[in-house]
Amino acid sequence: MDGSAAVEIVKVGDLDVQVRVSERRRHVRLTVERDAAVTAVVPPGVDRAELVRIVKSRRRWLYGKLAERQALGEGRPEREYVSGEGFPYLGRSHRLLLVDTAPSPVRLVRGRLELRRDALDDAAGALIGWYSRRGRAWLPSRLHPWAERMQAPRAALKVRSLGYRWGSCSQEGRLNIHWATMQLPPDLIDYVLAHEVAHLHEHDHGERFWRRLERAMPDYPARRARLKHLGPDLWLP
């Protein structure tokens, strides 16, 4: 493969892999995108045979991610921005209440999630902003015990939109957590955080990654299964 920026399609079995060369990459990075496209960002000089070998070695992981994308993308209930509609926060459903005046566009008051009427033109944006602010305030204190337990350095944490990924870990050791994570029960948020902390040690989902996660969270398989079950019911605009 040459070092051009053009995207090449490499077929590996029934997978169509979109390949892009990056001068900054030292290793092949495989990703399943939000639209279920499989992409590979590769360093210059990786030949097709080597790429095919790597894709085949990660085939089980790729199929698993594709199944997750399909499950998350199907059957997600539509929500309306009207009084009485339910929106989850920390595992509990809170009914929306439209109000004429409030000090902020969205706030949680006595179990009701208030949305100011003048924010209805961008209700989704107002709610995403509220979840994001809650995440930035709540998540760091939840993250630090897992970092200590797993003997990982304290990492910078950013709350952002991540498509259908709950979290990610950058090569620089920064953890990104989806704002929608704040809809989950706390013990499942812990799973997301511990999962990403494990990536500070192990960058892929190999055996060493899962062993490290299991040592810190022995019941992670049950939490992971619950997360897959709850995911399609959460709100994503």
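So, here's what we can say about the structure.

What counts, and at which threshold
- Residues numbered from 1 in each chain as written.
- Predicted model: local features only at pLDDT ≥ 70, side-chain atom pairs only at ≥ 80, totals over all residues.
- Heavy atoms only, no water.
- Helix = DSSP H or I, 4+ residues; strand = E, 2+ residues; numbered from the N terminus.
- Contact = heavy atoms within 4.5 Å.
- Lys, Arg positive; Asp, Glu negative; His and termini not counted.
- Charge placed at Lys NZ, Arg CZ, Asp CG, Glu CD.
- Axes fitted to C-alpha atoms, helices over the stretch in contact; angles between N-to-C directions.
- Parallel < 35°, antiparallel > 145°, perpendicular 65-115°, else oblique.
- Nonpolar A, V, L, I, M, F, W, Y, C, P; charged D, E, K, R; others polar.
- Phe/Tyr/Trp six-rings, centres within 6.5 Å; stacked < 30°, edge-to-face > 60°.
- Buried < 20%, exposed > 50% of the residue type's maximum accessible area, 1.4 Å probe, protein only.
- Lys NZ or Arg CZ within 6 Å of the ring centre and 35° of its normal.
- Salt bridge = Lys/Arg side-chain N within 4 Å of Asp/Glu carboxyl O.
- Core = buried A, V, L, I, M, F, W, Y, C linked by side-chain atoms within 4.5 Å.
- Arc of directions from axis to C-beta.

## Focus: the overall build of the chain
Across its full length, the chain carries six helices and 11 strands. Projected onto the principal axes, the alpha-carbon positions of the chain cover approximately 60 × 40 × 30 Å. Look at the contacts in the chain between residues 6 or more apart in sequence, and 46% of them connect residues 24 or more apart. Counting 42 positive and 30 negative side-chain charges, the chain places the averaged centre of each group 5 Å from the other.

## A look at the packing of helix H4 (residues 186-199) against helix H6 (residues 220-230)
Here H4 crosses H6 at 110 degrees, and the two axes come no closer than 10 Å. Our classification of the angle between H4 and H6 gives roughly perpendicular. Across the interface between the two elements, Asp187, Leu188, Asp190, Tyr191 and Val192 of H4 pack against Tyr220, Arg223, Arg224, Arg226, Leu227 and Leu230 of H6. Across the contact of H4 with H6, the residue classes tally to six nonpolar, no polar and five charged.

## Describing the packing of aromatic side chains
Any aromatic ring pair is given by two values, namely how distant the centres are and how the planes are angled relative to each other. The full count for this structure, using the stated rule, is 10 aromatic pairs. Between tyrosine 81 and tryptophan 235, the aromatic rings sit 6.5 Å apart at their centres with planes inclined by 90 degrees, giving edge-to-face as the arrangement. Of this pair, tyrosine 81 sits in the loop between helix H2 (59-73) and strand E5 (86-89) while tryptophan 235 is found in the segment after H6, placing the two residues 154 residues apart along the sequence. Take tryptophan 235: its relative accessible area is 3%, and that puts it in the buried class. Ring centres of phenylalanine 209 and tryptophan 210 lie 4.8 Å apart, and the angle between their planes is 85 degrees; on these two criteria the pair is classed as edge-to-face. Residue phenylalanine 209 is classed as buried on the basis of its relative accessible area, which comes to 0%. An aromatic cluster of three or more residues is present, and its members are Tyr81, Phe87, Tyr89, Trp130, Tyr131, Trp179 and Trp235. The ring of tryptophan 61 has arginine 58 lying over it, and the distance from NZ or CZ to the ring centre is 4.5 Å.

## Quick notes on the pattern of salt bridges
Under the definition given, this model contains 12 salt bridges. In this structure, arginine 142 engages aspartate 190 in a salt bridge whose closest nitrogen and oxygen atoms are separated by 2.8 Å. Residue arginine 142 is found in helix H3 (residues 123-149), and its partner aspartate 190 is found in helix H4; the two are separated by 48 residues along the sequence. Across the pair glutamate 207 and arginine 211 runs a salt bridge whose closest N-O atoms are separated by 3.6 Å. Of this pair, glutamate 207 and arginine 211 both sit in helix H5 (residues 207-216), separated by four residues, roughly a single helical turn.

## Observations concerning the nonpolar core
Where a protein is soluble and globular, its nonpolar side chains tend to be buried together. Of all hydrophobic cores here, the largest spans 47 residues; its most connected members are Leu115, Tyr131, Leu184, Tyr191 and Leu213. Among the elements that take part in this core, H3 stands out by supplying nine residues, more than any other. Non-local contacts of tyrosine 131, meaning those with residues more than four positions away in its chain, are made with Phe87, Pro88, Tyr89, Trp179, Met182, Gln183 and Trp235. If you look at the next biggest cluster of nonpolar residues, it comprises 17 residues, including Val12, Val21, Ala40 and Val46.

## A look at the environment of aspartate 121
Note that aspartate 121 resides in the loop between strand E8 (112-116) and H3. Between the C-alpha atom of aspartate 121 and that of arginine 26, which follows or precedes it by 95 residues, the distance is 45 Å.

## Section: unusual backbone geometry
Despite not being glycine, leucine 90 has its phi angle at roughly 50 degrees, a positive value. Of note in this structure, arginine 110 is not a glycine but carries a positive phi near 50 degrees. Inspection of the secondary structure assignment puts arginine 110 in the loop between strand E7 (106-109) and E8. Judged by its relative accessible area of 79%, arginine 110 falls in the exposed class.

## Things to note about H5
Within H5, burial applies to Phe209, Trp210, Leu213 and Ala216. The buried residues of H5 all sit within an arc of 125 degrees when viewed along its axis, so they share a single face. What points out from H5, more than 90 degrees from its buried face, is the exposed set Glu207, Arg208 and Arg215. Buried residues along H5 sit against H3, H4 and H6.

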